[in-house]
Amino acid sequence: MKSKSIPFLLLLSFLSISYSLDVKDEKENLSELMEWTVKNGIKMPNIEIRNEKDFGRGIFATKDIQEGETVLYIPNQVVIDPRTAIDSIKDRFISLGSSPSDLNNLKSLSITNIMALFLIQQTELESSKWKPYIDALPTQFDTTIYWNEEELQELDGSLIKGSSVLFYLEFRALT
């Protein structure tokens, strides 16, 4: 089965997200997330997820990473994409007795709304295969995609400003 490739710039942009949870929840969520990654065949040979006091949770290299080296492998069966979301939402609607016209209304939703609906739905399901992943997601975060012009100017001359602008443009193109 082929794996999906995540553009490295996109991955780096997600890594710049910082957030915090209650310390107990943070350790528990990280432990459950790590168990979930192993159970679902996610491979991270040279990186680790850990909590850093001053920065929050992040992904860190455990050794120098060579050009062309696989940093993260995510099997297709655990990738959350619009098709996965739509199929899951349809299955749930049908199990609740929704009519075909209700299902047709899904076509009018944007990808962002479909993904949000999927996350809400999966959060409510104790049996969700993505529960440990979803539980580990931040409830609040700060990333440069939401910064105003004045805040972005503080990054002038740094590589992160260019990455932030590119990520912002890519993100807006998807939504």
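All values derive from a computational prediction rather than experimental measurement. (Residues numbered from 1 in each chain as written. Predicted model: local features only at pLDDT ≥ 70, side-chain atom pairs only at ≥ 80, totals over all residues. Heavy atoms only, no water.)

Caption draft 1: Seen up close, the overall build of the chain. From N to C terminus, the chain includes eight helices and two strands. Classification of the 175 residues of the chain by burial places 28% in the buried group. Considering only residue pairs separated by 6 or more positions, the chain has 62% of its internal contacts joining residues 24 or more positions apart. Carbon and sulfur atoms make up 56% of the accessible area of the chain, which amounts to about 12,000 Å² in all. (Helix = DSSP H or I, 4+ residues; strand = E, 2+ residues; numbered from the N terminus. Buried < 20%, exposed > 50% of the residue type's maximum accessible area, 1.4 Å probe, protein only. Contact = heavy atoms within 4.5 Å. Areas by Shrake-Rupley, 256 points an atom, 1.4 Å probe, with all protein chains shown as cover.)

Caption draft 2: The packing of aromatic side chains, seen in detail. Following the criterion strictly, the structure yields two aromatic pairs and no others. Centre to centre, the rings of Phe118 and Trp130 are 5.2 Å apart; their planes meet at 75°, and the pair counts as edge-to-face. Residue Phe118 is located in helix α5 (residues 111–124), and its partner Trp130 is located in the loop between α5 and α6 (131–135); the two are separated by 12 residues in the primary sequence. Here the guanidinium or amino end of Arg50 rests over the ring plane of Phe60, the centre of that ring lying 4.0 Å away. (Phe/Tyr/Trp six-rings, centres within 6.5 Å; stacked < 30°, edge-to-face > 60°. Lys NZ or Arg CZ within 6 Å of the ring centre and 35° of its normal.)

Caption draft 3: Broad picture of the side chain of Ser88. Within the element layout of this structure, Ser88 appears in helix α3 (residues 82–95). With relative accessibility at 16%, the residue Ser88 sits in the buried group. Once you skip the residues sitting within four places of it in the chain, Ser88 turns out to touch Phe118, Gln121 and Gln122.

Caption draft 4: Expanded view of α5. For α5, spanning 14 residues, the distance from its first C-alpha to its last is 20 Å, which sits close to the expected 20 Å at 1.5 Å a residue. Within the span of α5, buried status applies to Ile114, Phe118, Gln121 and Gln122. The buried residues of α5 occupy one face: seen down the axis, they fall within an arc of 95°. Residues Ile120 and Glu124 are exposed on α5 and point more than 90 degrees away from its buried face. Check the buried side of α5 and you find it contacts α3 and α6. (Expected span 1.5 Å × (residues − 1). Arc of directions from axis to C-beta.)

Caption draft 5: Region of interest: the nonpolar core. Ranked by size, the top nonpolar core spans 21 residues in total, and within it Trp36, Ile42, Val78 and Trp130 carry the most contacts. Those elements that provide at least two residues to this core are α2 (23–39), β1 (47–52), α3 and α5. Once residues within four sequence positions are removed from consideration, Trp130 is found in contact with Trp36, Gln77, Val78, Ile80, Thr84, Phe118 and Gln122. (Core = buried A, V, L, I, M, F, W, Y, C linked by side-chain atoms within 4.5 Å.)

Caption draft 6: Main features of the pattern of salt bridges. Here the structure, examined in full by the defined rule, presents six salt bridges. Residues Glu69 and Lys63 are paired through a salt bridge, measuring 3.5 Å at the closest nitrogen-oxygen approach. A relative accessible area of 24% means that Glu69 is categorised as partly exposed. Salt bridges linked by common partners bring Glu126, Lys131 and Asp135 together as one network. (Salt bridge = Lys/Arg side-chain N within 4 Å of Asp/Glu carboxyl O.)

Caption draft 7: Inspection of the confidence of the model for the chain at higher detail. Mean pLDDT for the chain: 77, with 82% of residues reaching 70 or above. Mean pLDDT across the elements of the chain bottoms out in helix α1 (residues 8–15) (38) and peaks in α5 (89). (pLDDT = per-residue confidence, 0-100.)

Caption draft 8: How the structure looks around a nonpolar patch on the surface. On the surface, a nonpolar cluster with roughly 350 Å² of combined accessible area is contributed by Val165, Leu166, Tyr168 and Leu169. Note that Tyr168 resides in helix α8 (residues 159–174). (Patch = residues over 30% accessible without salt bridge, like charges linked within 9 Å, V, L, I, M, F, W, Y side chains within 5 Å.)

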